[in-house]
Amino acid sequence: MAKLLVLIVSGPKDPAKVKAGLGFSIVSQQSEQVDDVKICFFADGVEVLAPEAIQPFESLIHKVQELGIFTMACQLHAEQKHLDDVIRKEQPTIDLHYVGEDLVKALTEGYQFVSF
């Protein structure tokens, strides 16, 4: 069976792509043909988690959390945009850390990457 890592690299200025990535993650998690789904907010995608940007995506993010999809975000980009503290405070269920090693590990574990 498949394992999927969804990279959300589009930022709040491209809401259709962000919503497509979150929606695809939800559908994949609910599919009997996918063993595991992970999401990584990466690059501009981290900015989606900012308090002033998250509103259009909140219901999808809540559904992702409800389904138990492991969700992480790139700490490096969050630091560069001065969002790391606010993301940790406002989105405590999202694992904010340096994700490079996680992405390499996911590749070696057979995850398929899909980016939005």
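As shown above, the structure is provided for reference.
Keep in mind that what you see is a predicted model, and the values were worked out from it rather than measured. (Residues numbered from 1 in each chain as written. Predicted model: local features only at pLDDT ≥ 70, side-chain atom pairs only at ≥ 80, totals over all residues. Heavy atoms only, no water.)

A. Geometry of the pairing of strand E2 (residues 34-41). Most of E2 sits out of view: 6 of its 8 residues are buried. Across 7 bridges, the pairing between strand E1 (residues 2-8) and E2 is parallel. Among the inter-strand pairings, Leu7 is bridged to a residue of E2, identified as Cys40. In the classification by handedness, the crossover that spans E1, the intervening helix H1 (residues 15-30) and the parallel E2 is right-handed. Following the chain from E2 across helix H2 (residues 58-66) to the adjacent parallel strand E3 (residues 70-74), one finds a crossover that is right-handed. (Buried < 20%, exposed > 50% of the residue type's maximum accessible area, 1.4 Å probe, protein only. Helix = DSSP H or I, 4+ residues; strand = E, 2+ residues; numbered from the N terminus. Pairing = 2+ DSSP bridges. Right-handed = clockwise from strand over helix to strand, strands pointing away.)

B. Region of interest: the side chain of Gln91. Looking at the element boundaries, Gln91 is found in the loop between helix H4 (84-90) and strand E4 (95-97). Since its relative accessible area comes to 12%, Gln91 is described here as buried.

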